[in-house]
Amino acid sequence: MWYFTWILGLLLACSLGIINVLRLEAQETWDKEHIDLDPITQLITKETMLGRLQEKVDNSKRNGFPFSILFISLKDFKSGNPIPTYEMEALLRSVVDCFKENIRLGVDIAARMDNQDFLIAMPGSPLKKAEEIATQVKHEILEHIKAHKDLAVEVTTGVAEFSALSNASDNTAHEVSKLINIATAKSSL
């Protein structure tokens, strides 16, 4: 008789586990379908990125793995290039394609932070790897822009690394803004 009770308990535990997995999958699907995207580049928005960065900081604190961010800015892109809006938007989409080729699909997160500023979060990537990707992305964007002879743009990149081992602060939002400030300051150099 005891084995029937044991089997029923096991079946109940399995069904609860399956229900929980299905609930998590449904939540992930809903999240993916309801993410705010920039209408031009189809990247996530600044507000969504700031929330994701807070999650990455919390994850890094829990698991101890560092992650890096890469800031990309196209300085004087709009003001220095008097081309029609639709051409500017097409060019921005092609610039985004340049760095989408260099990031890990489903792992790295890219966002449009401002009109001509982009941010990429790279979980599990140390600073050295982010610097390599920054150099590669900058080179590809400049090559792509050179293909359009009348365009002038200065591409700047900056990288920063978050490591839970080197940061003891409990204020995640402060850590995120500090990380972004480091990357943007490096892009100004």
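Up top is the structure.
A short tour of the structure in this document, coming up. (Residues numbered from 1 in each chain as written. Predicted model: local features only at pLDDT ≥ 70, side-chain atom pairs only at ≥ 80, totals over all residues. Heavy atoms only, no water.)

**Examining the overall build of the protein**
Logical step 1: The helix and strand tally for the protein stands at 5 helices and 4 strands.
Logical step 2: Reading the secondary structure of the protein in the N-to-C direction produces α-α-β-α-β-β-α-β-α.
Logical step 3: Out of the 189 residues in the protein, the part that is buried amounts to 37%.
Logical step 4: The contacts of the protein with a sequence gap of at least 6 include a subset with a gap of at least 24, amounting to 72%. (Helix = DSSP H or I, 4+ residues; strand = E, 2+ residues; numbered from the N terminus. Buried < 20%, exposed > 50% of the residue type's maximum accessible area, 1.4 Å probe, protein only. Contact = heavy atoms within 4.5 Å.)

**Things to note about the environment of Gln-54**
Logical step 1: Along the chain, Gln-54 turns up in helix 2 (residues 46–63).
Logical step 2: Overall, Gln-54 belongs to the partly exposed group, its relative accessible area being 31%.
Logical step 3: Distance from Gln-54 to His-174, taken between C-alpha atoms, is 9.4 Å for residues 120 residues apart in sequence.
Logical step 4: In this view, Gln-54 contacts Thr-172, Ala-173 and Val-176; residues no more than four positions away in its chain are not counted.

**Notes on the pattern of salt bridges**
Logical step 1: Enumeration over the complete set of coordinates arrives at 2 salt bridges.
Logical step 2: Across the pair Arg-112 and Asp-38 runs a salt bridge whose closest N-O atoms are separated by 3.0 Å. Pair noted here: Arg-112 is in strand 2 (residues 109–112) and Asp-38 is in the loop between helix 1 (2–33) and helix 2, with a separation of 74 residues, a long-range link.
Logical step 3: Residue Asp-38 is classed as buried on the basis of its relative accessible area of 12%.
Logical step 4: A salt bridge links Asp-108 to Arg-104; the nearest nitrogen and oxygen atoms lie 2.6 Å apart.
Logical step 5: A relative accessible area of 9% places Asp-108 in the buried class.
Logical step 6: With relative accessibility at 35%, the residue Arg-104 sits in the partly exposed group. (Salt bridge = Lys/Arg side-chain N within 4 Å of Asp/Glu carboxyl O.)

**Topic: the pairing of strand 4 (residues 154–162)**
Logical step 1: Within strand 4, 7 of the 9 residues are buried, which leaves it mostly tucked inside the rest of the structure.
Logical step 2: Pairing of strand 1 (residues 67–75) with strand 4 involves 9 bridges; the strand directions are antiparallel. Considered in strand 4, the bridge of Ser-68 is made with Glu-161. (Pairing = 2+ DSSP bridges.)

**Points about the nonpolar core**
Logical step 1: Grouped together as the largest cluster of nonpolar side chains are 27 residues, with contacts concentrated most on Ile-72, Leu-74, Phe-99 and Ile-141.
Logical step 2: Looking at this core, the element that brings in the most residues is helix 3 (residues 85–100), giving 7 residues.
Logical step 3: Every residue in contact with Ile-141, bar those within four places of it in the chain, is listed here: Ile-72, Leu-74, Val-95, Cys-98, Phe-99 and Val-155.
Logical step 4: Of all hydrophobic cores here, the second largest spans 18 residues; its members include Ile-44, Met-113, Leu-179 and Ala-183. (Core = buried A, V, L, I, M, F, W, Y, C linked by side-chain atoms within 4.5 Å.)

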